Amino acid sequence: MTDKPPQVEAAPSLDASPVLPSQNQTFVLQKVQPALLGLMDGSVSTLAPIFATAGLTGKPIDAFFVGLAASVGAAISMGLAEALSDDGVVSGRGTPIGRGVITGVATLLGGMLHTLPFLLPDLHTALMLAYGVVVVELLIIAYIRFHFMKSPLAQTIWQVIVGGGVVFAVGVWLGKLGAGG
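Residues numbered from 1 in each chain as written. Predicted model: local features only at pLDDT ≥ 70, side-chain atom pairs only at ≥ 80, totals over all residues. Heavy atoms only, no water.

So, the overall build of the protein
Regarding its fold elements, the protein presents six helices and zero strands. Mapped from its N terminus to its C terminus, the protein presents α and β elements in the order α-α-α-α-α-α. If you take every contact in the protein between residues at least 6 apart in sequence, the share linking residues at least 24 apart comes to 69%. Carbon and sulfur atoms form 72% of the exposed surface of the protein, whose accessible area is close to 10800 Å². (Helix = DSSP H or I, 4+ residues; strand = E, 2+ residues; numbered from the N terminus. Contact = heavy atoms within 4.5 Å. Areas by Shrake-Rupley, 256 points an atom, 1.4 Å probe, with all protein chains shown as cover.)

Structure (structure tokens):
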């Protein structure tokens, strides 16, 4: 019985030419992924401050201005973070400024969509409308993940709804806690 030496696969050469992404992969990497990142952050990160403020003050306009501040601040922060995170040369993710702008605008949009209902003077109406907008935002995010990232639809809906729901619940809880209720 002879022992055969174990088969060892050759390590990939460092100077092998890179596999170029398809036009669709480039679009997803350079446009969809930064936009999705921004939408998710804007939609989710602004929930807690807005709903906590609405519960704490009972004034829709206060919630609007907190949402506006959170959305603009998050848009600037996320845009800069995306632009500074990668020069795009090695990863193929596109120009830093382009990705930063896409991420920042999407973050602002994601945060402002459920902030706008708080321009209504009636808190109950503003809250009901904002709840509906949040559900639509989360479903749009899930669809984008399904369509472009090829995530299973049921799984991505579950992940997005649970993640958004946790943040939303924390905001409502903190608003009630702060209001003494």
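Description of the packing of aromatic side chains
Counting across every chain of the model gives five aromatic pairs. When the ring of phenylalanine 64 is compared with that of phenylalanine 65, the centres are 5.2 Å apart and the planes differ by 75°; the resulting orientation is edge-to-face. Their ring planes at 50° and their centres at 6.2 Å tell us that tyrosine 143 and phenylalanine 146 sit as a pair that is tilted. Separated by three residues within a single helix, tyrosine 143 and phenylalanine 146 lie in helix α5 (residues 123–149), roughly one turn from each other. On the basis of relative accessibility, which here comes to 45%, the residue tyrosine 143 falls in the partly exposed class. Here phenylalanine 146 falls in the partly exposed class, since its relative accessible area comes to 33%. Here the aromatic residues Phe51, Phe118 and Tyr131 are joined through ring pairs into a cluster of three or more. (Phe/Tyr/Trp six-rings, centres within 6.5 Å; stacked < 30°, edge-to-face > 60°. Buried < 20%, exposed > 50% of the residue type's maximum accessible area, 1.4 Å probe, protein only.)

Digging into helix α1 (residues 23–45)
Spanning 23 residues, α1 covers 32 Å between terminal C-alpha atoms, matching the ideal 33 Å at 1.5 Å per step. Along α1, the helix axis deviates most sharply at valine 32, where the bend reaches about 35°; the proline proline 34 sits within four residues downstream. The set of residues buried in α1 consists of Val28, Val32, Pro34, Leu36, Gly38, Leu39, Gly42 and Ser43. (Expected span 1.5 Å × (residues − 1). Bend = angle between axes of the 7 residues up to and from the residue.)

Details of the nonpolar core
Core analysis: the biggest nonpolar cluster contains 22 residues, and Phe51 and Phe118 have the highest contact counts within it. Mapped by element, the contributors of at least two residues to this core are α1, α2 (47–57), α3 (60–85), α4 (96–113) and α5. When neighbours within four sequence positions are excluded, phenylalanine 118 is seen to be in contact with Ile50, Phe51, Ala54, Pro60, Ile61, Ala63, Phe64, Leu123, Ala126, Leu127 and Ala130. (Core = buried A, V, L, I, M, F, W, Y, C linked by side-chain atoms within 4.5 Å.)

Overview of a nonpolar patch on the surface
Together, Trp158, Val162, Val166, Val170, Trp173, Leu174 and Leu177 make up an exposed nonpolar region whose accessible area comes to about 710 Å². With respect to the helices, strands and loops of the structure, leucine 177 is situated in helix α6 (residues 153–178). Judged by relative accessible area, which is 53%, leucine 177 ranks as exposed. (Patch = residues over 30% accessible without salt bridge, like charges linked within 9 Å, V, L, I, M, F, W, Y side chains within 5 Å. Salt bridge = Lys/Arg side-chain N within 4 Å of Asp/Glu carboxyl O.)

Topic: unusual backbone geometry
Look at lysine 150: it is not a glycine, yet its phi comes out positive at around 60°. Its location among the elements puts lysine 150 in the loop between α5 and α6.

Side note on the packing of α1 against α5
Axis separation between α1 and α5 bottoms out at 10 Å; the angle between their running directions is 160°. It follows from the interaxial angle that α1 and α5 lie roughly antiparallel. The interaxial crossing formed by α1 with α5 has left-handed handedness. Packed against α1, whose contacting residues are Phe27, Val28, Val32, Gln33, Leu36, Leu39, Met40, Ser43 and Val44, the element α5 presents Glu137, Leu138, Ile141, Ile144, Arg145, Phe148 and Met149 at the interface. Partitioning the contact of α1 with α5 into residue classes produces 12 nonpolar, two polar and two charged. (Axes fitted to C-alpha atoms, helices over the stretch in contact; angles between N-to-C directions. Parallel < 35°, antiparallel > 145°, perpendicular 65-115°, else oblique. Left-handed = near helix turned anticlockwise from the far one by under 90°. Nonpolar A, V, L, I, M, F, W, Y, C, P; charged D, E, K, R; others polar.)

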